[in-house]
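Commentary on secondary and tertiary structure
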Amino acid sequence: MEVVDLIPALRAFARTFCSKAEDVDDLVQETLTNALANLDKFEPGTRLKSWLFTIMRNSFCTRIRRRSRESVGLPDDIAEHLTTEASQDWCAQANDVRRALYRLPEHHREMLILIVMLGERYRDAAAICGCPMGTVKSRLNRARMQLRRELGEQPEEMSRPYL
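Residues numbered from 1 in each chain as written. Predicted model: local features only at pLDDT ≥ 70, side-chain atom pairs only at ≥ 80, totals over all residues. Heavy atoms only, no water.

**Considerations on the packing of helix α2 (residues 7-15) against helix α3 (residues 21-37)**
Where α2 contacts α3, the two axes come as close as 9 Å, and the packing angle between them is 125°. Relative to α3, α2 is oriented oblique. Crossing hand, α2 versus α3: right-handed. Contact residues: α2 offers I7, L10, R11, A14 and R15, while α3 offers V24, D25, L27, V28, T31 and L32. Its residues assigned to classes, the contact of α2 with α3 shows 7 nonpolar, 1 polar and 3 charged. (Axes fitted to C-alpha atoms, helices over the stretch in contact; angles between N-to-C directions. Helix = DSSP H or I, 4+ residues; strand = E, 2+ residues; numbered from the N terminus. Parallel < 35°, antiparallel > 145°, perpendicular 65-115°, else oblique. Left-handed = near helix turned anticlockwise from the far one by under 90°. Contact = heavy atoms within 4.5 Å. Nonpolar A, V, L, I, M, F, W, Y, C, P; charged D, E, K, R; others polar.)

Right, dumping it as structure tokens:
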């Protein structure tokens, strides 16, 4: 019963360590829990209040040491750890190319797929599409130019022979 009578004094002492009411209550609860767990170490004839205050001070100091070892919040270099892997970048670029490809007219898209993606020869593409080889070359050239425009490439980049 003597411990219950000391709870207001424990709260007052905890306020010297903590500014928030919930932290005060947590410290008092931790103190009482530690006291009950170590009741066999209490020496009769000594002041219970002093013993409980010592437990509280030690509990608070232990909390401070733990907090100093724990990192609170985000580390300063968090941006370096949030970069995406190249495979994700390639996926995003592939999606951009696919969307741009489907914005092309069907006959241009068909030539790009046959020749660039599937590796068909001009002659075979002409046979598949039922048109002259000159038409295949013309459609392919226009498809490449339009795809580059869709992807936002600059005119000087568009003169390069690849894609």
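Picking up where we left off.
**As for the side chain of S59**
Following the sequence through the fold, S59 ends up in helix α4 (residues 48-69). Among the residues examined, S59 registers a relative accessible area of 4% and is labelled buried. Leave out the neighbours within four places in its chain, and S59 touches L27, E30 and N34. (Buried < 20%, exposed > 50% of the residue type's maximum accessible area, 1.4 Å probe, protein only.)

**Focus: the pattern of salt bridges**
Summed over the entire model, instances satisfying the criterion amount to 5 salt bridges. With a shortest N-O distance of 3.2 Å, R11 and D25 are connected by a salt bridge. With R11 in helix α2 and D25 in helix α3, this pair connects stretches of sequence that are 14 residues apart. Residue R63 pairs with E30 through a salt bridge whose shortest N-O separation is 2.9 Å. Taken as a pair, R63 in helix α4 and E30 in helix α3 lie far apart in primary sequence, 33 residues in all. (Salt bridge = Lys/Arg side-chain N within 4 Å of Asp/Glu carboxyl O.)

**Here we look at the state of the cysteines**
Cysteine pairs can be linked by a disulfide, which is a covalent bond between their two sulfur atoms. Tallying each qualifying case throughout the model produces 0 disulfides. With no disulfide of its own, C129 lies closest to C131 among cysteine sulfurs, the gap being 5.1 Å. Taking relative accessible area as the criterion, C129 reaches 22% and is therefore assigned partly exposed. (Disulfide = S-S within 2.5 Å.)

**Structural notes on the environment of T54**
Its location among the elements puts T54 in helix α4. Given a relative accessible area of 35%, T54 falls into the partly exposed group. The spatial distance from the C-alpha of T54 to the C-alpha of T31 is 9.1 Å, given a sequence separation of 23 residues.

**Section: the packing of α3 against α4**
Relative to each other, α3 and α4 sit at 115°, their axes nearing to 9 Å. Our pair here, α3 against α4, has a crossing hand that is right-handed. Facing D23, D26, L27, V28, E30, T31, N34 and A35 of α3, the residues of α4 in contact are W51, L52, I55, M56, S59, F60 and R63.

**Details of the packing of aromatic side chains**
Applying the stated rule across the entire model yields 4 aromatic pairs. Between F13 and F17, the ring centres sit 5.1 Å apart and the planes meet at 85°, which makes this aromatic pair edge-to-face. F17 gets classed as partly exposed once you look at its relative accessible area, which sits at 24%. Of the aromatic side chains, those joined through ring pairs into one cluster are F13, F17, F53 and F60. (Phe/Tyr/Trp six-rings, centres within 6.5 Å; stacked < 30°, edge-to-face > 60°.)

**Let's talk about helix α9 (residues 133-150)**
Taking 1.5 Å as the rise per residue, α9 with 18 residues should run 26 Å; its terminal C-alpha atoms sit 25 Å apart, in good agreement. Burial in α9 covers these residues: V136, L140, A143, Q146, L147 and R148. Immediately beyond the C-terminal end of α9, within one or two residues, lies G152, with a positive phi of roughly 80°. (Expected span 1.5 Å × (residues − 1).)

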